[in-house]
Amino acid sequence: YSFCTLLRPPTESTKMKRKASAVAKSVLKRGKQELSTDEPHGWLKLYKKIEVMREEGESAPVDTMGCHMLADKSESEPVYKYQSLIALMLSSRTKDTTTAAAMERLKKFGLTPDKINATPEEQIAELIYGVGFHNMKAKYIKKSTEKIIDEFGGTIPGNIKDVTSLHGVGPKMGYLYLQIAEGICNGVAVDTHVHRICNRFKWVDTNTPEETRVHLQAWLPEAYWGSINKLLVGFGQLICTPTKPKCSKCSATSLCPYFKDIEDLK
């Protein structure tokens, strides 16, 4: 399920591991727990169980309409990368089906940096109507496109610092962009699904997705950085939903701390 597997084999980064270790040793506190490089007990067995469930179960929306599926691969490389970023910007707080529909409208209109740069913000908002916070996203798209053209020569850079300097692009979006468009895995992309499920599994004890990312990167082997997002997003869409999770349909309950806690309360 790794975007990196599809685009480029993941490589071990000694530098990143040393950085994570150094941060942990500094006794930095984020959220509710002290940052640690210790792997949670039994995490890999649970992870592998979910992999089997995802492989053998039905497809989740992210599998067929996720952001990695929405850019036009027949376009030039700069345009493909631009479309990948726009898909990610639209996807925040928005269902995959709605994002896919908005992307189709944009591509039909002409989803290139030059075309969008010449399009009024109000018209962009109309084209993406239906996605969450469409007016705000139209503003972000317009400002980010201007910066891509004026400062980056029309091509989005392949590093997290420059990508997250764009309006409306945070770490989750930035790391996913690098995985999809560049084949680079140098961080964990954490959305609300990943944040929720990692806390339910007690892999982390955090308050925000960004805190979850920091804690995951401290202990999660780098080989899993590219695969965990799509794996858990699909699992969260189908089984481990935000409300009323479908534990009766989950074959990993014997390994799940969240399920055990629920049972203990009965």
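Structure's up top.
Not measured: the values here are computed from a predicted model. (Residues numbered from 1 in each chain as written. Predicted model: local features only at pLDDT ≥ 70, side-chain atom pairs only at ≥ 80, totals over all residues. Heavy atoms only, no water.)

(A) Focus on the overall build of the protein. Looking only at helices and strands, one finds 15 helices and 2 strands in the protein. Put simply, the protein has 266 residues, and 49% of those count as buried. Sequence separation of 24 or more characterises 64% of the internal contacts of the protein that already satisfy a separation of 6 or more. Summed over its atoms, the accessible surface of the protein is roughly 13200 Å², and 52% of this surface lies on carbon and sulfur atoms. (Helix = DSSP H or I, 4+ residues; strand = E, 2+ residues; numbered from the N terminus. Buried < 20%, exposed > 50% of the residue type's maximum accessible area, 1.4 Å probe, protein only. Contact = heavy atoms within 4.5 Å. Areas by Shrake-Rupley, 256 points an atom, 1.4 Å probe, with all protein chains shown as cover.)

(B) Broad picture of helix α9 (residues 134-150). The terminal C-alpha atoms of α9 lie 24 Å apart, and with 17 residues this matches the ideal 24 Å at 1.5 Å per residue to within 8%. Among the residues of α9, His-134, Lys-137, Ala-138, Ile-141, Lys-142, Ser-144, Thr-145, Lys-147 and Ile-148 are the ones counted as buried. Buried residues in α9 make contact with α5 (77-91), α7 (113-117) and α8 (121-127). (Expected span 1.5 Å × (residues − 1).)

(C) Seen up close, the packing of aromatic side chains. Counted according to the given criterion, the structure contains 9 aromatic pairs. Taken together through their ring pairs, the aromatic side chains of Trp-43, Tyr-47, Phe-201, Trp-203, Trp-219, Tyr-224 and Phe-235 make up a single cluster. Its guanidinium or amino end placed over the ring of Phe-109, Lys-115 lies 4.8 Å from that ring's centre, counting from NZ or CZ. One Lys or Arg, Arg-200, reaches over the ring of Tyr-258 and ends 4.6 Å from the middle of that ring. (Phe/Tyr/Trp six-rings, centres within 6.5 Å; stacked < 30°, edge-to-face > 60°. Lys NZ or Arg CZ within 6 Å of the ring centre and 35° of its normal.)

(D) Inspection of empty space enclosed by the protein at higher detail. Per the counting criterion, the structure on display carries 1 cavity of 30 Å³ or more. Of the pockets and cavities examined, the largest cavity occupies roughly 80 Å³. Phe-201, Phe-235, Ile-239, Cys-240, Pro-245, Cys-247, Cys-250, Thr-253, Cys-256 and Tyr-258 are the residues that line the largest cavity. Residues of the lining of the largest cavity, tallied by class, amount to 9 nonpolar, 1 polar and no charged. (1 Å grid on protein atoms, 1.4 Å probe; cavity = no way out; pocket = protein on both sides within 12 Å on 5 of 7 lines; lining within 4 Å. Points joined across faces, edges and corners; volume = space filled by probe spheres on them. Nonpolar A, V, L, I, M, F, W, Y, C, P; charged D, E, K, R; others polar.)

(E) View of the nonpolar core. Formed by 38 residues in total, the largest nonpolar core has its most connected members in Ile-86, Leu-90, Leu-106 and Ile-141. It is α5 that provides the largest number of residues to this core, a total of 8 residues. In contact with Ile-86, not counting residues within four places along its chain, are Met-103, Leu-106, Leu-111 and Ile-141. Counting residues in each nonpolar core, the second largest holds 30 residues, with Val-62, Cys-198, Tyr-224 and Leu-232 among its members. (Core = buried A, V, L, I, M, F, W, Y, C linked by side-chain atoms within 4.5 Å.)

(F) Molecular detail of the side chain of Arg-196. Mapped onto the elements of the fold, Arg-196 is located in helix α12 (residues 192-200). Nearest to the buried, unbridged Arg-196 among oppositely charged side chains is Asp-191, at 7.1 Å. At 2.8 Å, the side chain of Arg-196 forms a polar contact with the backbone oxygen of Cys-240. (Lys, Arg positive; Asp, Glu negative; His and termini not counted. Salt bridge = Lys/Arg side-chain N within 4 Å of Asp/Glu carboxyl O. Polar contact = N/O pair within 3.5 Å; in protein donor to acceptor, adjacent residues only side chain to side chain.)

(G) Broad picture of helix α6 (residues 96-109). If you check α6, its first and last C-alpha atoms are 20 Å apart, about what 14 residues at 1.5 Å a residue would give, namely 20 Å. Looking at α6, one finds that the buried residues are Asp-96, Thr-99, Ala-100, Ala-102, Met-103 and Leu-106. An end-on view of α6 places all buried positions within 165° of arc, on one side of the element. Those residues of α6 that are buried lie in contact with α4 (61-65), α5, α7, α8 and α14 (228-238). Looking one or two residues past α6, Gly-110 carries a phi angle of roughly 125°, positive in sign. (Arc of directions from axis to C-beta.)

(H) Summary view of the packing of helix α3 (residues 43-56) against α14. Contact pair α3 / α14: the axes reach a minimum separation of 10 Å and the direction vectors enclose 65°. Between α3 and α14 lies a crossing of left-handed hand. In this structure, α3 contributes Tyr-47, Ile-50, Glu-51, Met-53 and Arg-54 to the contact, and α14 contributes Ile-228, Lys-230, Leu-231, Leu-232, Gly-234 and Phe-235. (Axes fitted to C-alpha atoms, helices over the stretch in contact; angles between N-to-C directions. Left-handed = near helix turned anticlockwise from the far one by under 90°.)

(I) Local environment of the layout of surface pockets. If you add up the space inside the largest pocket, you get close to 970 Å³. Around the largest pocket, the lining is made up of 37 residues, and of these Ser-91, Ser-92, Arg-93, Lys-172 and Asp-191 lie nearest the centre. Residue assignment for the lining of the largest pocket shows that the elements contributing at least two residues are α4, α5, α6, α9, α11 (171-182), α12, α13 (209-219) and α14. The greatest single-element share of the lining of the largest pocket, amounting to 5 residues, is contributed by α11. When the residues that make up the lining of the largest pocket are grouped by side-chain class, the tally is 16 nonpolar, 12 polar and 9 charged.

(J) Highlighting the pattern of salt bridges. Evaluation of the coordinates by the stated rule reveals 8 salt bridges. Where Glu-51 meets Lys-48, a salt bridge forms, and the shortest distance between an N and an O atom there is 3.5 Å. Pair noted here: Glu-51 and Lys-48 are both in helix α3, with a separation of 3 residues, about one helical turn. For Lys-48, a relative accessible area of 36% gives the class partly exposed. Across the salt bridge formed by Glu-210 and Arg-213, the nearest N and O atoms sit 2.5 Å from each other. One end of the pair is Glu-210 and the other is Arg-213, both in helix α13 and 3 residues apart, which spans about a single turn.

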